[in-house]
Amino acid sequence: MPKIMQVKNISTYLKERRFLMLNKKDEILKLYYEEHLKQQDIAQKVEVSQGYVSQVIKTDKRYNDNRETKHKASIIKKANYNKQYYKTYKRPKKEDISYQEMQAQLEKDIAELSYYRSYNMSDYNFAKCNSSAYHRNSKGNLSLVNGLTVGFDVPRTVNMNIKVPTQKYKHRFCMS
């Protein structure tokens, strides 16, 4: 007889244990969804592991809905925080002289390219800078290549027959 009682006791024990586990599951779900406690706090209250609490929560039907709701709330909260942050954020002012440097460079470029300032480039230097646009004609001068469309201020020919004194014959002039 004692063995049969043991079996009955075991079966009742298992039923009670199952009932307690169901009660624990219900309690875990209640604490998580209604009281909004963290999993670690729930595990300490119910005296189970945090992994078990996580498992119980994930098997519940409300889990995915609750997760999406929390995610959307988190996005809205972050957006509001960022909006408020950017309204009140004051950037530290640095001494920025890049605009003045750019203005100085622009003035220099204007001086080099404009007509109203006294910056002159010789025809020879212009021809040297744009050597692909010039060729030597029969007289030895640099002439503009035929077919090029250029502005009025571009020299058509550059005289290369300049008398240059040499050291040996200071009184004579050579043709280069």
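Residues take numbers from 1 onward in each chain, read along the sequence in its written order. Reporting in this predicted model follows two pLDDT cut-offs: at least 70 for local features of residues, and 80 or more for side-chain atom pairs to be given and counted; totals over whole chains, interfaces and linings ignore these cut-offs and use all residues. As a rule here, side-chain values cover all heavy atoms of the structure and leave hydrogens and water aside.

(A) Structural detail: the side chain of Asp60. Strands are runs of DSSP state E lasting at least two residues, helices are runs of H or I lasting at least four, and both sets are numbered from the N terminus onward. Within the fold, Asp60 resides in the loop between helix H3 (50-59) and helix H4 (63-88). Exposure remark for Asp60: the relative accessible area of 17% places this residue in the buried category. Non-local contacts of Asp60, meaning those with residues more than four positions away in its chain, are made with Leu29 and Tyr33. Accessible area is worked out with a 1.4 Å probe on protein chains only. A residue is then buried under 20% of its type maximum, exposed over 50%, and partly exposed in between. Contacts were defined at the residue level, with two residues in contact if any of their heavy atoms lie within 4.5 Å.

(B) Examining the environment of Leu37 more closely. The residue Leu37 is located in the loop between helix H1 (2-33) and helix H2 (39-46) in this model. Residues in contact with Leu37, not counting those within four places in the same chain, are Leu31, Tyr32, Ile42 and Lys45.

(C) Layout of the sheet that holds strand S1 (residues 134-136). Between any two strands, at least two bridges found by DSSP are needed for them to pair. The strand order across the open sheet formed by three strands is S1-S2-S3, and the pairing between neighbours is antiparallel. In the strand order of this sheet, the two ends are held by S1 and strand S3 (157-158), each with one partner. Strand direction decides the pairing type here: S1 and strand S2 (residues 142-144), joined by three bridges, are antiparallel. Note that in S2 the partner of Tyr134 across the bridge is Leu144.

(D) Local environment of unusual backbone geometry. Residue His36 is not a glycine yet carries a positive backbone phi of 55°. Tracing the backbone shows His36 in the loop between H1 and H2. Taking the relative accessible area as the measure of exposure, His36 reaches 60% and is therefore exposed. Backbone geometry places Glu47, a non-glycine residue, at a positive phi of 65°. Of note, Glu47 is situated in the loop between H2 and H3.

(E) Quick peek at the confidence of the model for the protein chain. The score called pLDDT rates the predictor's confidence residue by residue, from a low of 0 to a high of 100. Overall, the prediction assigns the protein chain a mean pLDDT of 78, with 75% of residues at 70 or greater. Long-range and interchain partners of residues 1-5, a stretch whose pLDDT sits below 50, account for zero contacts in this model, where long-range means more than four residues apart.

(F) Representation of the nonpolar core in the model. Definition used in this section: a nonpolar core is a set of buried Ala, Val, Leu, Ile, Met, Phe, Trp, Tyr and Cys residues joined via side-chain atoms within 4.5 Å. Among the nonpolar cores identified, the biggest contains 13 residues, and Ile28, Tyr33, Ile42, Val53 and Ile57 are the most heavily contacted of them. Taken together, the elements giving at least two residues each to this core come down to H1, H2 and H3. Residue contacts for Ile28: discarding those within four places in its chain leaves Ile42, Val46, Val48, Tyr52, Val53, Val56 and Ile57. Counting eight residues, the second largest nonpolar core, distinct from the first, contains Ala133, Leu142, Val158 and Met160.

(G) A look at the pattern of salt bridges. When a carboxyl oxygen of Asp or Glu is within 4 Å of a side-chain nitrogen of Lys or Arg, the pair counts as a salt bridge. Under the definition given, this model contains one salt bridge. Residue Asp60 is joined to Arg62 by a salt bridge in which the shortest nitrogen-to-oxygen separation is 2.9 Å. Classification of Arg62 by relative accessible area gives partly exposed; the value is 38%.

(H) Geometry of the packing of aromatic side chains. For this analysis, a ring pair means two rings from Phe, Tyr or Trp (six-membered ring only for Trp) whose centres lie within 6.5 Å, classed as stacked if their planes differ by under 30 degrees, edge-to-face if by over 60, and tilted for the remaining angles. Taken as a whole, this structure holds four aromatic pairs when the rule is applied. A ring pair is formed by Tyr81 and Tyr85, whose centres lie 6.1 Å apart and whose planes are at 20°; its orientation type is stacked. Taken together, the positions of Tyr81 and Tyr85, both in helix H4 and four residues apart, correspond to about one turn of that helix. By relative accessible area, Tyr81 is classed as exposed at 54%. Owing to a relative accessible area of 35%, Tyr85 belongs among the partly exposed residues under this scheme. Each ring, one from Tyr85 and one from Tyr86, has its centre 5.3 Å from the other, and the planes form 75°; the classification is edge-to-face. Ring-pair connections join several aromatic residues into one group, and the members of that group are Tyr81, Tyr85, Tyr86 and Tyr89.

(I) Expanded view of the packing of H2 against H3. Only the stretch in contact is used when fitting a helix axis, every axis being a line fitted to C-alpha atoms; angles between N-to-C directions are given from 0 to 180 degrees. Viewed as axis vectors pointing N to C, H2 and H3 meet at an angle of 110°, and their least axial separation amounts to 8 Å. Classified by the angle their axes make, H2 and H3 are roughly perpendicular. In the crossing of H2 with H3, the sense of the turn from one axis to the other is right-handed. Seen from H2, the contacting residues are Gln39, Gln40, Ile42 and Ala43; seen from H3, they are Gln50, Val53, Ser54 and Ile57. Under the scheme applied here, ten amino acids are nonpolar (Ala, Val, Leu, Ile, Met, Phe, Trp, Tyr, Cys and Pro), four are charged (Asp, Glu, Lys and Arg), and all others, including Gly, are polar. Its residues assigned to classes, the contact of H2 with H3 comprises four nonpolar, four polar and no charged. The scheme is simple: roughly parallel for angles under 35 degrees, roughly antiparallel for over 145, roughly perpendicular for 65 to 115, oblique for anything else. By definition, any crossing whose near helix is turned counterclockwise from its far helix by less than a right angle is left-handed, and any crossing with a clockwise turn is right-handed.

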